[in-house]
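Residue-level structural notes
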Amino acid sequence: MNILAILNDATSATGMNFPVSFTAVYVVGFIAAVSIGSIAWYNSKRPVGWEDKERPDAVPEVKKEETPGL
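Our subject in this report is the structure included herewith. Please read these numbers as outputs of a predicted model, since none were measured by experiment.

1. So, the overall build of the protein
Of regular secondary structure, the protein possesses two helices and zero strands. The buried share of the protein, reckoned over its 70 residues, is 4%. Accessible area for the protein stands at about 6600 Å²; split by element, carbon and sulfur atoms hold 66% of it.

Rendered as structure tokens:
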């Protein structure tokens, strides 16, 4: 915790502030990654014990291609 206080004092003394836009990009990117990852996980093969579980309504079903990569 002391490191954060030291960094805060150092940036305050020099007048440098971390732009809010950078933080917003990281937050939006994290939310997008979690959302896309969740959709991919739900559409993948179910783990052991989850085979008979229903898909949540918020997750779209993605159809598999017969010849992927061709």
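2. Considerations on a nonpolar patch on the surface
On the surface, Val27, Phe30, Ile31 and Val34 cluster together to form a nonpolar patch covering roughly 390 Å² of accessible area. Exposure remark for Val34: the relative accessible area of 42% places this residue in the partly exposed category.

3. Topic: the environment of Glu54
When you line up the elements, Glu54 lands in the segment after α2 (20-43). The class for Glu54 is exposed, based on a relative accessible area of 77%. Once the C-alpha coordinates of Glu54 and Tyr42 are considered, the two residues, 12 residues apart in sequence, prove to be 9.9 Å apart.

Thresholds, definitions, all that
Residues numbered from 1 in each chain as written. Predicted model: local features only at pLDDT ≥ 70, side-chain atom pairs only at ≥ 80, totals over all residues. Heavy atoms only, no water. Helix = DSSP H or I, 4+ residues; strand = E, 2+ residues; numbered from the N terminus. Buried < 20%, exposed > 50% of the residue type's maximum accessible area, 1.4 Å probe, protein only. Areas by Shrake-Rupley, 256 points an atom, 1.4 Å probe, with all protein chains shown as cover. Patch = residues over 30% accessible without salt bridge, like charges linked within 9 Å, V, L, I, M, F, W, Y side chains within 5 Å. Salt bridge = Lys/Arg side-chain N within 4 Å of Asp/Glu carboxyl O.

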